[in-house]
Each structure stands twice: as structure tokens, then as C-alpha cells.
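Residue-level structural notes
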Amino acid sequence: MRRIIRPSLFALFVLGLIAFAQPLWAQDSSVSDDEVNEVARDIYCPVCESTPLDVCATQACADWRELIRTKLGEGNSKDEIFEYFARQYGDGVLANPPRRGVSLIILWILPVVLILVGLLLFSRMMRNLRTVPEAAVVTDSAVESTKVQNTPATPPEPTAQEEYLARIEEELGKK
Amino acid sequence: MSDLTHTTAQDEESKPRGIRWGMVALWGAVITLLVLLGWGLVRTNATRPEAGEAAPDFDVEFFNGFEWEGQPVANLSDMHGKVVVINFWASWCVECRLEADLIEDTWRKYEDQDVVFLGVAYSDVEPNAIAYLDEFNITYPNAPDLGTDISDMYEITGVPETFFVDKEGTIRHVQIGPLNQQTMDGVIQQLLGDSG
């Protein structure tokens, strides 16, 4: 009886070990957690809003991290994995959405257009700032000259400096 | 001085006024910006289609081993004339597991009538989704939500979420969270009865 039980127990033990070890093999031990997180930090959780995959504790994120591990184990590059996730789950799961469609317009073309518009407005504003005072000076002097032409010929009142010079000349003349 | 000023002003007035390309570009950019902002606002404020509204149309490519009328792909509009139960689920969703057996049993109960059950796996990893379908012996057509296009159209807030669509393609009931037998039977029988 012992002769039968011992080999059976041993066989059960070996089978148990194999069954337990299978999920470990499936995890692809050649890919480290750091390598997985390197990709996972640029992908967002599908359940929690704006939470990167590498710090999210939900089951959905754990599944996605395992998917990344599998993809890395199969030799996929980071970009290929991002492409796969975008295709499967939409561009919205990527921290840096690919430059196409709406994201191309909103994230790349629109900022350039806004900068150009801003520069155009700024240059117009600066041009207005330059032209307005000049126009004001011209207009003021034109008004002055018009005033001069319209008033009768009366000698202009001496300025303080002219008075001062006249007084000096007078003093010098006395000497 | 006065003459000079006058001459300059007259010159300015007599200049032919061509197209101001700068202004055209400026207004073009402003209008584009407003259109984009408006469009973004409309998209952000899009709400879940409710009972009484037309069910948004979509295409699905079923998981391996699943089909509808012998085809591996289908379109919601192909199912016109039948009551359609669209169930959003995921293998990582605990509450989906609570209703999985119930949905399969109800499908088997009504599959000979004009009722189609359609499972849509939301943000799921394909091997896990297939393992889930195997675990619960699910036989009704099931497909992944590629690019989350379908869940975006239906504006789901989570899983499980179920939409009951009548034979005319109008949503008649939306169930947020797990279903129960009473709701399923009640809504399906009403929809089957409504259209004779």
C-alpha cells in the first residue's frame, strides 16, 4: 500500500508545483516592473480620471500593466504599445495623444495659430502706439500755426530765458 | 505745416483700399478658434442618450467564437425590427459578475423571440474578456469596444450599464448598475408587447 501512496503523493506534489508555477511563467519574468512602469506612466487608467497606470490600484490598471508586460515580452517597442492602446481603447488613454485628427488641430495647429494671431495683434498695437503720438504732434503744431495765422501780428511775449539774456547784455553794456 | 498735414490726409484718403490680408487672417483665426471651442464645448457637454431618444448606430466585430446571424461583424441598424439589449461590461468589474448569469439565462429565455442581446466589453484586455465569457458560459454575441467608440457614443458613466432598444431603434430603458430579473422581464415583455 505504501508503495502506491508515496509515488502518488510525489506525483500530486509535482503537479501542484507545475499548476502553481504556470501563472508565474505567464507573467514573463524577463520584463521588470520598472520597464512596465516606464510605459505605464504615459497611459491613463480607463476607470479613474487622469490617473496614470503606474500609480493606479484598480484591477483594470493591473490588467493593463500585465498587458504591457506581455507586449514588452513579445518584443514590442514603447511606441508600438502606445499605438496598440490607442487603437484598442482610444487616443484618450495616452498622456501624449498621437498627432492626428482632432488632437492634431487642438494640440498642435491651434497653439501656432493663436501665437500668430497674438503677434499680429501685438504688431498692430505697437504700430498704433507709434502713429498716434506723431499724429497728435502734427495736429497740435498745425493748430498752433493756424492760430498764429489767424491772430493779428503782435510781438510774442519774451520768455524767461530771453529776459535773462537781455538782462545780462544790459549789465555787460553798463560795464 | 498746415498744408503738409492736409496733403498727407488727402493722400491717405485717396489711396486705393486693397484687401487687408492681415485682417482677413486675423478674423479667420478668430472664427476658427470660436468654432473649435464651440465644438469642444458641445462634445464635453454631450449627455447619455436617454429613453425616448434614437439609439446611436455602431459597428461591432465580435470576439472569436461569437457571431450574429452567422456573421463575425454586425451593425446596430442590422438589428432593426428586433428588441436589442446592449450590455456594457468588463472582466475587471465586480458588479458585472453579479449580473452575468442572469443576463445569460434571460438571453436563453428570449433568444427564440425577436430579442438580441449584445455584450460590449469596455476597456478590457481581450484574453481576460474571453476568460470571463468562458467562466460564465456566455453565448450571446459579445464584442470588444474598439477605441471605446461605442461607450463614447452612449456616454456611459461606468460598467455595468444596459440599454434596452425597441424594434424601431429607440432607447426605451437605461439601467445603470446591475440588472435584476424583474426589470429585465418587465422591460423586454413590454417592448415585445408594444410592437405586437
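Residues numbered from 1 in each chain as written. Chains lettered and ligands numbered in written order. Predicted model: local features only at pLDDT ≥ 70, side-chain atom pairs only at ≥ 80, totals over all residues. Heavy atoms only, no water.

Looking at helix H3 (residues 94-110) of chain B
Residue and element names in this part refer to chain B.
- Taking 1.5 Å per residue, 17 residues should reach 24 Å; H3 reaches 26 Å between its end C-alpha atoms and fits that length.
- At Ala100, H3 shows its strongest bend, of approximately 35 degrees.
- Of all the positions in H3, only Cys96, Glu99, Ala100, Leu102, Ile103, Glu104, Thr106, Trp107 and Tyr110 are classed as buried.
- In this fold, the buried residues of H3 make contact with strand S3 (83-89), strand S4 (115-121), helix H4 (126-135) and helix H6 (181-194). (Helix = DSSP H or I, 4+ residues; strand = E, 2+ residues; numbered from the N terminus. Expected span 1.5 Å × (residues − 1). Bend = angle between axes of the 7 residues up to and from the residue. Buried < 20%, exposed > 50% of the residue type's maximum accessible area, 1.4 Å probe, protein only. Contact = heavy atoms within 4.5 Å.)

As for the packing of aromatic side chains
- A full pass over the atoms with the stated rule returns 14 aromatic pairs over all chains.
- On the numbers, 6.4 Å between centres and 65 degrees between planes, the contact of Trp107 of chain B with Tyr140 of chain B is edge-to-face. Placement of Trp107 of chain B in helix H3 and of Tyr140 of chain B in the loop between H4 and strand S5 (142-144) is noted, with a sequence separation of 33 residues between them.
- With a relative accessible area of 2%, Tyr140 of chain B lands in the buried category.
- When the centroid spacing of 4.9 Å and the interplanar angle of 75 degrees are considered together, the rings of Tyr154 of chain B and Phe163 of chain B count as edge-to-face.
- On the basis of relative accessible area, Tyr154 of chain B is assigned to the buried category, the value being 0%.
- Positioned above the aromatic ring of Tyr84 of chain A, the side-chain terminus of Lys71 of chain A is 3.9 Å from the ring centre. (Phe/Tyr/Trp six-rings, centres within 6.5 Å; stacked < 30°, edge-to-face > 60°. Lys NZ or Arg CZ within 6 Å of the ring centre and 35° of its normal.)

Remarks on the pairing of S3 of chain B
Residues and elements named next belong to chain B.
- Within S3, seven of the seven residues are buried, which leaves it mostly tucked inside the rest of the structure.
- Alternating positions in S3 separate into two faces, Val83, Val85, Asn87 and Trp89 on one and Val84, Ile86 and Phe88 on the other, with burial throughout.
- Running through H3, the crossover from S3 to the neighbouring parallel element S4 is right-handed.
- Judged from the five bridges that link them, S3 and strand S6 (residues 161-165) form a sheet pairing that is antiparallel. Looking across to S6, one finds that Ile86 is bridged to Phe163. (Right-handed = clockwise from strand over helix to strand, strands pointing away. Pairing = 2+ DSSP bridges.)

Some details on the pattern of salt bridges
All names here are of chain A.
- Applying the stated criterion across every chain yields a total of 14 salt bridges over all chains.
- Its salt-bridge partner being Arg69, residue Asp33 comes within 2.7 Å of it at the nearest N-O pair. Of this pair, Asp33 sits in helix H2 (residues 33-40) while Arg69 sits in helix H3 (residues 59-73), and the two are 36 residues apart along the sequence.
- A residue is classified by how much of its surface remains accessible, and Asp33, at 47% relative accessible area, is partly exposed.
- Within this structure, Glu38, Arg41, Asp42, Asp54 and Lys78 form a network of salt bridges that share partners. (Salt bridge = Lys/Arg side-chain N within 4 Å of Asp/Glu carboxyl O.)

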